[in-house]
Amino acid sequence: MSKILIRGAKVLGGEPQDVLIDGDTIVEVGVGLPAEAAEGAEVVEAGGKVLLPGLVDLHTHLREPGREDSETVLTGTRAAASGGYTTVFAMANTFPVADTAGVVEQVYRLGQQHGYCDVQPIGAVTVGLEGKKLAELGAMHESAAGVTVFSDDGKCVDDAVIMRRALEYVKAFGGVVAQHAQEPRLTEGAQMNEGVVSAELGLGGWPAVAEESIIARDVLLAEHVGSRVHICHLSTAGSVEIVRWAKSRGIDVTAEVTPHHLLLTDELVRSYNPVYKVNPPLRTERDVLALREALADGTIDIVATDHAPHPHEDKDCEWAAAAMGMVGLETALSVVQQTMVDSGLLDWAGVADRMSFKPARIGRAKGHGRPVSAGEPANLTLVDPAYRGAVDPTGFASRSRNTPYEGRELPGRVTHTWLRGRATLVDGKLA
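Residues numbered from 1 in each chain as written. Predicted model: local features only at pLDDT ≥ 70, side-chain atom pairs only at ≥ 80, totals over all residues. Heavy atoms only, no water.

A. The overall build of the protein, seen in detail. Counting its secondary structure elements, the protein contains twelve helices and 19 strands. Taken against the 2.2 N^0.38 rule, which gives 22 Å for 431 residues, the C-alpha radius of gyration of the protein at 21 Å falls within 12% of a compact globule. Principal-axis analysis of the C-alpha atoms gives the protein an extent of 65 × 45 × 45 Å. With 431 residues in all, the protein has 61% of them scored as buried. (Helix = DSSP H or I, 4+ residues; strand = E, 2+ residues; numbered from the N terminus. Rg over C-alpha atoms; globule rule 2.2 N^0.38 Å. Buried < 20%, exposed > 50% of the residue type's maximum accessible area, 1.4 Å probe, protein only.)

Laid out in structure tokens, this is it:
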């Protein structure tokens, strides 16, 4: 790989600087680098653009193996590179489930083979996601994939004894259990958020307490065991308060919010468009505002996409029959810019913290979430924050098109992504 000079970029939104990459490493960062240092380098003019460390997504569904009609590791990582991500954590709800060393190694090696971003598999907590027996947690950790994050996402580990045992087990090697907080008995037949809109539409309601009760239980279990717990796709104001209380007690809990829960509300369900059907459901304006404030003040640690691709036949149907989920890798940064940066709640350094530094730390992603400074791996994302444009899913790299933002104008565009110094996205086009 040759030298690359990124000239005049606002590193983490600060003053313009030049960044010199040689091979897979950042070798110099500064103003007006000497001409001899950059001799022979490919020059990327980055005036007005923001340079961030490569984004890290702790919650991605790549669907392979088993549902390649929705997504594959190749198409999913191409979507990730398009959105500025250099590593993604792939959830375990595949077919077969990623509950053995063999399956997680398969996903890990597919990521290495395709090369658009690093893929770190997440292992299932229980065999077959059935919630009855712990999966091979130790074997998955000791495998070539080096799994550190475990989740039955898509389902809740609702048995308190199983959850306790999982927390005890992963503590031995510094792992973390990522919980999909949904009390199943409280959400039987639920179709959307329980509230005024569900009552008016006559759709089964999904109460906030179904999420909050599991979070309350699990932070107490984590405190009892002395282990780490991570809360997936936190979605209610009440959940925010529980996590805030747990952190005040010194409990080792982290939490994520999705871009769609930062922007969209249950009022959109009035259209009966299944593109808005998601788990957990879109909540109220009050919840959305609480989530934004919590992300700004650090109660919520990170933004994670919960990229959930589905083929058109699973979404282009009546509401009750539609699958839950939205694609998100290619629009996440734009939604965060609109809701958090343009609103003044976060600066670009804060975005780097919530979308790169902290998710890498939670997931133990080696070489990712590192400072943009000399000697660090050249995993980088260049963003044009002045761009404005309507979302057109026909141009997505993802195999699926189930975005809630079609036709909506969003700010910002990722123009370049580098994975260890190799361009995976150039001028908005996959390399």
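Still more to cover.
B. How the structure looks around the domain arrangement of the protein. The domains assigned to the protein are domain 1 (3–50 + 375–430) and domain 2 (54–363). Measuring from the centre of the C-alpha atoms in domain 1 to the corresponding centre in domain 2 gives 26 Å. Among the residues of domain 1 in contact with domain 2, Arg399, Asn402 and Tyr405 are the three that bury the most area, contributing 21% of the side total. Put simply, domain 1 and domain 2 have two salt bridges between them. The partner of Arg388 in a salt bridge is Asp342, with the nearest N and O atoms 3.6 Å apart. The interface formed by domain 1 and domain 2 contains 20 residue pairs in polar contact (both at pLDDT 80 or more). Every element with two or more residues in the side of domain 1 that touches domain 2 is listed here: strand E16 (380–390), strand E17 (409–419) and strand E18 (422–426). By residue number, the principal contributor to the side of domain 1 that touches domain 2 is E17, which donates eight residues. (Domains from an automatic or database assignment. Buried area = accessible area lost by both parts, 1.4 Å probe. Salt bridge = Lys/Arg side-chain N within 4 Å of Asp/Glu carboxyl O. Polar contact = N/O pair within 3.5 Å; in protein donor to acceptor, adjacent residues only side chain to side chain.)

C. Structural context of the packing of helix H4 (residues 160–171) against helix H6 (residues 208–225). Look at H4 against H6: their axes get within 10 Å of each other, and the N-to-C directions meet at 45 degrees. Taken together, the axes of H4 and H6 lie oblique to each other. The hand of the H4/H6 crossing is right-handed. Taken together, the residues of H6 that come into contact with H4 (itself represented by Ala160, Met163, Arg164, Leu167, Glu168 and Lys171) are Arg217, Asp218, Leu221, Ala222, His224 and Val225. Of the residues contributing to the contact of H4 with H6, the split by class is six nonpolar, one polar and five charged. (Axes fitted to C-alpha atoms, helices over the stretch in contact; angles between N-to-C directions. Parallel < 35°, antiparallel > 145°, perpendicular 65-115°, else oblique. Left-handed = near helix turned anticlockwise from the far one by under 90°. Contact = heavy atoms within 4.5 Å. Nonpolar A, V, L, I, M, F, W, Y, C, P; charged D, E, K, R; others polar.)

D. How the structure looks around the packing of aromatic side chains. What the rule picks out here adds up to one aromatic pair. Above the plane of the ring of Tyr387 lies Arg413, whose end atom (NZ or CZ) is 5.4 Å from the centre. (Phe/Tyr/Trp six-rings, centres within 6.5 Å; stacked < 30°, edge-to-face > 60°. Lys NZ or Arg CZ within 6 Å of the ring centre and 35° of its normal.)

E. Structural context of the UniProt feature "binding site: substrate" (unreviewed entry) in the protein. Feature annotation in UniProt places "binding site: substrate" (unreviewed entry) on His61, Leu62, Arg63, Asn93, Asn279 and His310, given in this structure's numbering. Structurally, Leu62 is set in the loop between strand E6 (55–60) and helix H1 (73–82). On the basis of relative accessibility, which here comes to 2%, the residue Leu62 falls in the buried class. Among residues more than four places away in sequence, those in contact with Leu62 are Glu71, Thr72, Val73, Gly76, Thr77, Val88, Ala90 and Val119. (UniProt positions renumbered as here; feature names shortened; annotations may be inferred.)

F. Broad picture of unusual backbone geometry. In this structure, Pro65 follows Glu64 across a cis peptide bond, with omega equal to 10 degrees. As for its placement among the helices and strands, Pro65 is situated in the loop between E6 and H1. For the bond from Phe95 to Pro96, the omega torsion is 5 degrees, close enough to zero to count as cis. Relative to the helices and strands, Pro96 resides in the loop between strand E7 (85–90) and helix H2 (101–114). One non-glycine residue, Asp306, lies in the positive phi region at around 50 degrees.

G. Local environment of the environment of Thr77. Of note, Thr77 is situated in helix H1. Measuring from C-alpha to C-alpha, the distance between Thr77 and Asn273 comes to 27 Å, with 196 residues separating the pair along the chain. Setting aside residues no more than four positions away along its own chain, Thr77 makes contact with Leu62, His114, Tyr116, Cys117 and Val119. Separated by 3.1 Å, the side chain of Thr77 and the backbone oxygen of Leu74 make a polar contact.

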